[in-house]
Protein chains: 2
Amino acid sequence: MTPPAALDVDTIGNGVPKPLTVDAIPAVRAQSAKMPGGVAPSTSSDMFKSPACYTKPKAKRWDHILSAEAKSRKSSTLKGAAKYLGTPGLISLGGGLPSPEYFPFEELSVKVPTPPGFSPGTTRLTAGKHDIREGKSLYDLEVALNYGQSSGAPQLLRFVTEHTELIHNPPYSDWQCCLTPGSTYAWDTALRLLCEKGDYLLMEEYTFSSAQETVLPLGVKVAHVKMDEQGLLPESLDDVMSNWDEASRGARKPSVLYTIPTGQNPTGATQSFERRKEVYKVAQKHDIYIVEDEPYYFLQMQPYTGANSEPVPPPATHDEFLKSLIPSYLSIDVDGRVLRMESFSKVLSPGARTGWVVASEQIIERVYRNTEVSAQHPSGFSQLIFFKLLDEQWGHSGYLDWLINLRMQYTSRRDIIVHACEDHLPREVTSWIAPAAGMFHWIEIDWKKHPELTAGKTHDAIEEALFTAAVDSGVLISRGSWFKADGRTEDRMFFRATFAAASEENIIEAIRRFGAAVRAEFKLP
Amino acid sequence: MTPPAALDVDTIGNGVPKPLTVDAIPAVRAQSAKMPGGVAPSTSSDMFKSPACYTKPKAKRWDHILSAEAKSRKSSTLKGAAKYLGTPGLISLGGGLPSPEYFPFEELSVKVPTPPGFSPGTTRLTAGKHDIREGKSLYDLEVALNYGQSSGAPQLLRFVTEHTELIHNPPYSDWQCCLTPGSTYAWDTALRLLCEKGDYLLMEEYTFSSAQETVLPLGVKVAHVKMDEQGLLPESLDDVMSNWDEASRGARKPSVLYTIPTGQNPTGATQSFERRKEVYKVAQKHDIYIVEDEPYYFLQMQPYTGANSEPVPPPATHDEFLKSLIPSYLSIDVDGRVLRMESFSKVLSPGARTGWVVASEQIIERVYRNTEVSAQHPSGFSQLIFFKLLDEQWGHSGYLDWLINLRMQYTSRRDIIVHACEDHLPREVTSWIAPAAGMFHWIEIDWKKHPELTAGKTHDAIEEALFTAAVDSGVLISRGSWFKADGRTEDRMFFRATFAAASEENIIEAIRRFGAAVRAEFKLP
């Protein structure tokens with residue numbers, strides 16, 4: 001793919017290009033390559049990035065960290081033959097694509113809410129089978145329901161590329177996006193690209209249990225990095241790497257860090273901008289490649305103001321909203337050492353199994369090669385519906401409105417659970433910090449105050465007893481030990497409560513029940 | 001999952017249970033477990049199989065062929081906690097599921113053709129957000145758009161389970177289905193379950209190039225099995241296994257065979273029932289596990305009757321149609337040594353990325369464990385739309401009508417390409433067999449008649465020259481060498497032509513152009 005021809009870059013002085021804005025996107029589109037209209041077109045983010053991107057330096061090369069499996073992947077032979085398809089007048093008896101006349105779907109439509117109020121189901125979006133040929137849309141059922149490339153459909157790829165530039169503006173030129181069938185899949189792919197059997201991987205001390213369960217069966221072990229209330233500690237990362245002993249570990253130094261920077265699962269911790277810069281510096285020092293898993297990035301909330309104070313009003317403008325977001329690792333990634341996993345699961349729907357990754361061209365090309373002989377691409381139904389909603393209906397401006405709306409909803413849910421904790425948990429043995437992002441509230445238990453401690457009751461037994469007592473009282477809450485990156489019992493004890501799904505009354509009632517269970521277990525009045 | 005309680009099995013004498021019929025499905029459903037209505041319910045085919053299944057013996061165990069990766073996978077910790085969710089009155093702050101109120105999709109609808117005529121877009125199927133709660137449907141957007149289990153949604157799993165029993169009636173009791181995000185993904189999963197790095201895998205001499213490109217980067221090598229016009233040769237399979245020399249191969253005997261029994265890609269060959277039984281016997285002799293990849297099973301066609309004779313009329317009844325289908329490996333699999341990969345790609349839509357696999361419980365359980373930390377499950381949009389179409393609208397009877405309709409369409413396309421070959425290819429140097437199934441026509445070139453052979457022109461150079469001459473004449477056709485399982489140049493030469501997608505006129509014109517190119521290259525009049 002070639003970048004747009006006219007490189008007339010707006011600058012903000014000293015030759016630094018101006019970041020992309022929502023208002024500038026139509027102009028970028030106007031000078032971009034034409035949207036491909038055929039089946040399984042080859043595509044890349046380079047078709048859709050603004051000219052300013054190409055004024056930046058290129059990413060570093062990562063040959064030294066790619067796995068043998070990743071290095072040995074070749075382009076698909078049959079997909080290679082697709083290069084002839086552009087020949088005028090050529091008839092293809094080449095690829096085994098079924099004829100769209102046998103797809104039994106003539107039309108698809110969804111009812112969606114629209115900005116600014118987002119009252120439910122006010123607008124119907126419709127996709128026909130031959131909308132592209134008929135000039136009605138850039139995307140249709142005929143194309144969406146056939147095979148596609150592992151980049152994902154260009155129609156949706158354009159939107160996520162623009163969104164990525166708008167939000168993160170990566171500081172190197174050759175970044176690319178690739179649509180994925182969800183971040184769980186993307187993480188499995190990343191491990192296959194970046195790790196060999198026997199390697200260690202760096203993870204936060206407490207981490208998403210499923211992310212860890214993906215790692216271990218590959219024969220990869222986990223080295224944990226300590227955390228504080230802002231999450232990952234750069235000093236600990238530096239310490240693990242500086243004092244790595246190959247002999248005692250039985251493995252080479254790790255070269256990959258997995259982190260959830262925003263609303264971390266399970267701790268709810270959010271790394272400040274300063275923290276991220278410090279971690280990035282340590283990554284540069286030890287040449288660590290960073291995988292940032294960011295499903296909760298847009299669940300950053302308004303500041304917590306306490307039970308009896310006024311809530312902070314929503315961001316007044318898109319600009320104010322964008323400025324309120326903590327910059328990502330991607331946005332400070334001068335080396336191209338970050339693979340960012342983006343998800344629509346927490347902001348549109350997890351069941352659609354559609355997200356995307358962002359990384360340097362070299363890494364994304366390897367993602368394509370892995371994906372084309374595995375999941376291939378996200379569902380065409382999902383891609384088409386998301387395109388209709390995000391690109392044709394909401395646009396970038398409407399999507400930002402939706403994200404602001406969601407921010408306020410989660411702020412309200414967070415406030416409810418924190419107030420409920422203030423009202424119902426025994427402060428003698430419980431403590432917490434109001435989360436700034438995500439869907440998790442992390443409650444510490446001062447287990448050393450347990451009355452049976454002197455009788456020898458262990459950390460594990462007390463955690464188990466509290467969990468069982470909670471279930472018996474009618475509340476399911478996750479045990480902190482489920483999320484321990486190296487599975488070891490530890491000095492501290494936590495429970496994770498989700499405030500994403502239950503109703504207001506149920507959140508309050510559940511915390512009340514948990515408080516009563518803790519009180520009973522600790523024999524508190 | 002427990003099987004249905006009342007085991008009142010119809011028999012056909014000697015205690016052999018009667019196979020399931022379309023008409024009997026309502027009665028099976030009536031005594032099955034209630035369809036789960038919640039988010040991410042645990043489910044399995046055992047909820048939906050007929051009582052007759054449980055009168056059969058169990059599958060063998062496959063511990064000895066499972067990979068270290070497969071064996072080391074454990075159940076998801078967080079999904080394990082879901083067992084408490086059935087507790088009455090329990091409030092969950094456990095799992096990180098987003099609230100459906102934030103899914104911006106209130107209603108989804110598709111226009112579909114209906115049997116018997118299947119005229120396009122006559123009927124609109126609609127799914128609401130809360131149809132389950134409102135008693136309107138067994139499946140809705142609220143559930144489909146949230147996370148699900150790696151088995152796939154029970155609503156669609158029921159349909160494919162019944163369909164599997166109806167068509168294949170596996171001869172052991174503990175078979176299970178698992179929905180997949182497509183067969184390409186299922187194949188990657190199967191390799192991770194069944195092969196270790198350094199192993200050899202058995203494949204047909206010519207095979208789907210993408211299937212082979214999935215294998216090699218895993219460090220797995222390919223041992224090829226010879227073929228004739230019926231595909232895989234059992235004698236060759238026996239020969240490869242009986243004469244396996246670990247020292248010269250540098251690897252243990254293979255334990256897995258990958259085969260495309262019906263309308264094989266690229267050769268178009270279809271294994272007869274006799275052939276399948278012979279291959280299965282060899283598999284038993286050498287304890288080979290069989291992966292049957294069957295995307296073209298329902299592209300079995302009416303017999304080819306030649307250019308000037310009447311076409312064979314369509315099957316008059318469902319029963320006649322079912323009897324016309326060559327039995328699958330699954331249907332003769334007394335040991336449970338077959339993993340069958342099923343696809344909707346060629347019969348509904350490839351872009352939906354939704355298919356399923358069938359195998360013994362032990363293998364399917366391992367598929368779940370792999371999938372839950374990778375693709376998770378097919379898109380909820382795809383699952384919901386397929387459920388609406390297949391279960392609520394067409395039913396099994398309407399789906400069989402659709403498959404018969406497709407059979408006649410492909411028969412007509414096959415007849416067109418074979419007639420075109422009869423009219424336009426030079427018989428002096430080309431030959432073919434009319435395919436009985438699939439979407440591929442395999443044309444042999446008698447390359448040893450090439451005029452420059454005596455001047456030293458090689459097999460590869462002639463194949464290349466023919467390919468280029470074809471492209472220059474305006475037709476893209478695939479080179480046979482692209483599909484060679486072990487990549488070696490061979491004694492014979494083939495080209496693969498697809499008749500699935502081009503129009504009737506274009507198929508004829510493409511073959512005319514190819515014929516002219518061959519004539520010119522071979523200096524024929």
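The rules behind these values
Residues numbered from 1 in each chain as written. Chains lettered and ligands numbered in written order. Predicted model: local features only at pLDDT ≥ 70, side-chain atom pairs only at ≥ 80, totals over all residues. Heavy atoms only, no water. Helix = DSSP H or I, 4+ residues; strand = E, 2+ residues; numbered from the N terminus. Rg over C-alpha atoms; globule rule 2.2 N^0.38 Å. Buried < 20%, exposed > 50% of the residue type's maximum accessible area, 1.4 Å probe, protein only. Contact = heavy atoms within 4.5 Å. Areas by Shrake-Rupley, 256 points an atom, 1.4 Å probe, with all protein chains shown as cover. Lys, Arg positive; Asp, Glu negative; His and termini not counted. Charge placed at Lys NZ, Arg CZ, Asp CG, Glu CD. Pairing = 2+ DSSP bridges. Axes fitted to C-alpha atoms, helices over the stretch in contact; angles between N-to-C directions. Buried area = accessible area lost by both parts, 1.4 Å probe. Salt bridge = Lys/Arg side-chain N within 4 Å of Asp/Glu carboxyl O. Polar contact = N/O pair within 3.5 Å; in protein donor to acceptor, adjacent residues only side chain to side chain. Nonpolar A, V, L, I, M, F, W, Y, C, P; charged D, E, K, R; others polar. Core = buried A, V, L, I, M, F, W, Y, C linked by side-chain atoms within 4.5 Å. Phe/Tyr/Trp six-rings, centres within 6.5 Å; stacked < 30°, edge-to-face > 60°. Least-squares fit on C-alpha atoms with pLDDT ≥ 70 in both. Expected span 1.5 Å × (residues − 1). Bend = angle between axes of the 7 residues up to and from the residue. Domains from an automatic or database assignment.

This part covers the overall build of chain A. Each helix and strand counted, chain A has 15 helices and 17 strands in total. Compactness check: chain A gives a C-alpha radius of gyration of 25 Å against a globular reference of 24 Å for 525 residues, within 12% of the reference. The buried share among the 525 residues of chain A stands at 63%. Looking at chain A alone, contacts between residues at least 24 apart form 74% of all its contacts between residues at least 6 apart. A total accessible area of about 18300 Å² is found for chain A, and carbon and sulfur atoms account for 52% of it. For chain A, the separation between the mean place of its 55 positive charges and that of its 65 negative charges on side chains is 3 Å.

Moving on: the sheet that holds strand β14 (residues 440-445) of chain B. Strand pairing in a sheet relies on backbone hydrogen bonds, with the paired strands running either antiparallel or parallel. Residue and element names in this part refer to chain B. Judged by pairing direction, the sheet is antiparallel, and its four strands sit side by side in the order β13-β14-β17-β16 without closing on themselves. At either margin of the open sheet sits one strand with a lone partner, and together these are β13 (430-431) and β16 (478-479). Sheet topology note: the β13/β14 ladder contains two bridges and is antiparallel. Along β14, the bridge assignment pairs Ser431 with Glu444. Sitting on the sheet, helix α14 (residues 459-472) is in contact with β14, β16 and β17 (493-498), with an inclination near 25° to β17.

As a further point, take the interface of chain B and chain A. Listed per partner, the contact involves 106 residues of chain B and 105 residues of chain A. Surface buried jointly by chain B and chain A totals about 8600 Å² across both partners, of which 61% is contributed by carbon and sulfur atoms. The tally of links from chain B across to chain A stands at eight salt bridges. The salt bridge involving Arg192 of chain A is made with Asp188 of chain B; its shortest N-O contact spans 2.8 Å. Summed over the shared surface of chain B and chain A, the result is 53 residue pairs in polar contact (both at pLDDT 80 or more). Looking at the side of chain B that touches chain A, the element that brings in the most residues is helix α13 (residues 380-424) of chain B, giving 13 residues. For the side of chain B that touches chain A, the per-class residue count stands at 58 nonpolar, 31 polar and 17 charged. For strand β15 (residues 475-476) of chain A and strand β1 (residues 91-92) of chain B, the ladder comprises two bridges, and the chain directions are parallel. Paired with Val475 of chain A across the strands is Ile91 of chain B, a residue of β1 of chain B.

Here we take up the pattern of salt bridges. Counted by the stated rule, this structure contains 80 salt bridges over all chains. Here Glu205 of chain B ties to Lys484 of chain B by a salt bridge, and the two come within 3.9 Å at their closest N and O atoms. With Glu205 of chain B in the loop between β5 (200-204) and α7 (209-215) and Lys484 of chain B in the loop between β16 and β17, the pair connects residues that are 279 residues apart, well separated along the chain. For Glu205 of chain B, a relative accessible area of 7% gives the class buried. The exposure class assigned to Lys484 of chain B is buried, which follows from its relative accessible area of 6%. What you see here is one network of salt bridges that share partners, running through Arg276, Glu292, Glu294, Arg340 and Glu342 of chain A.

This part covers the environment of Pro17 of chain A. Inspection of the secondary structure puts Pro17 of chain A in the segment before α1 (25-30). With relative accessibility at 15%, the residue Pro17 of chain A sits in the buried group.

By size, the foremost hydrophobic cluster in this structure holds 278 residues, and its most contacted members are Trp187 of chain A together with Trp187 of chain B. Trp187 of chain A has contacts with Leu201, Met203, Ala211, Thr214, Val215, Tyr258, Val291 and Met341 of chain A, leaving out every residue within four places of it along the chain.

So, about the packing of aromatic side chains. Each aromatic ring pair is described using two quantities: the centre-to-centre distance and the angle formed by the ring planes. Residues and elements named next belong to chain B. Counted according to the given criterion, the structure contains 48 aromatic pairs over all chains. Taking the centre distance of 5.4 Å and the plane angle of 70° together, the rings of Trp62 and Tyr289 count as edge-to-face. Here Trp62, found in the loop between α1 (25-31) and α2 (68-72), pairs with Tyr289, found in strand β10 (residues 289-293); they are 227 residues apart in sequence, far enough to count as distant. Tyr289 shares its class with Trp62; the two are buried. On the basis of an interplanar angle of 65° and a centroid distance of 5.9 Å, the ring pair of Phe159 and Tyr399 is categorised as edge-to-face. Of the two residues, Phe159 is situated in helix α5 (residues 154-168) and Tyr399 in helix α13; the sequence distance between them amounts to 240 residues.

This next bit is on the sheet that holds strand β6 (residues 221-225) of chain B. All names here are of chain B. Taken in spatial order, the seven strands of this open sheet run β4-β12-β11-β10-β9-β5-β6, and their pairing is mixed. A strand with exactly one partner marks an edge of an open sheet, and here the two such strands are β4 (175-180) and β6. Looking at each pair of strands side by side, their axes are set apart by 20° on average, direction ignored. Pairing between β4 and strand β12 (residues 355-360): six bridges, direction antiparallel. Note that in β12 the partner of Thr180 across the bridge is Gly355. This element, helix α6 (residues 183-194), spans β4, β5, β9 (256-259), β10, β11 (338-343) and β12 of the sheet and lies at about 160° to β11.

The subject of this paragraph is the relation of the copies chain B and chain A. Expressed as a screw operation, the relation of chain B to chain A combines 0.0 Å of axial shift with a rotation of 180°, fitting to an RMSD of 0.0 Å. These values place the two chain copies in the arrangement generated by a two-fold rotation axis. Relative to the rotation axis, the closest C-alpha in chain B is found at Ser109 of chain B, a distance of 2.6 Å. Take the interface residues of chain B: 99% of them recur as interface residues in chain A, which is what a same-surface contact looks like.

Residue and element names in this part refer to chain A. Here helix α13 (residues 380-424) contains 45 residues, and its C-alpha end-to-end distance of 47 Å is more than 12% below the 66 Å for a straight helix at 1.5 Å per residue. Trp394 marks where α13 bends most, by close to 105°. Backbone nitrogen of Phe381 and a side-chain oxygen of the N-cap are separated by 3.1 Å at the start of α13; the cap is Ser379.

In this section: the environment of Gly395 of chain B. Note on placement: Gly395 of chain B falls in helix α13. Excluding residues that lie within four positions of it along the chain, Gly395 of chain B makes contacts with Phe159, Leu389 and Leu390 of chain B.

Moving on to the domain arrangement of chain A. For interface size, the figure often reported is the accessible area lost on association. Residues and elements named next belong to chain A. Splitting chain A by domain gives domain 1 (148-383) and domain 2 (407-521). A straight line from the C-alpha centre of domain 1 to that of domain 2 covers 27 Å. Domain 1 puts 35 residues into the contact, and the matching count from domain 2 is 30 residues. Counting each side, the surface lost to burial between domain 1 and domain 2 is near 2800 Å², with a carbon and sulfur contribution of 59%. Contact with domain 2 buries area across many residues of domain 1, yet Tyr206, Met301 and Tyr304 alone supply 30% of it, more than any other trio. Linking domain 1 with domain 2 are one salt bridge.

All right, on to unusual backbone geometry then. Of note, the amide linkage connecting Asn265 of chain A to Pro266 of chain A takes the cis form, showing an omega dihedral of 15°. Topologically, Pro266 of chain A is positioned in the loop between β9 (256-259) and α10 (273-285). Despite not being glycine, Lys523 of chain A shows a phi value in the positive range, around 55°. Examined against the element boundaries, Lys523 of chain A turns out to sit in the segment after α15 (504-521). If you check the backbone angles, Ala40 of chain B has positive phi at about 50° while not being a glycine. Tracing the backbone through its elements, the reader meets Ala40 of chain B in the loop between α1 and α2.

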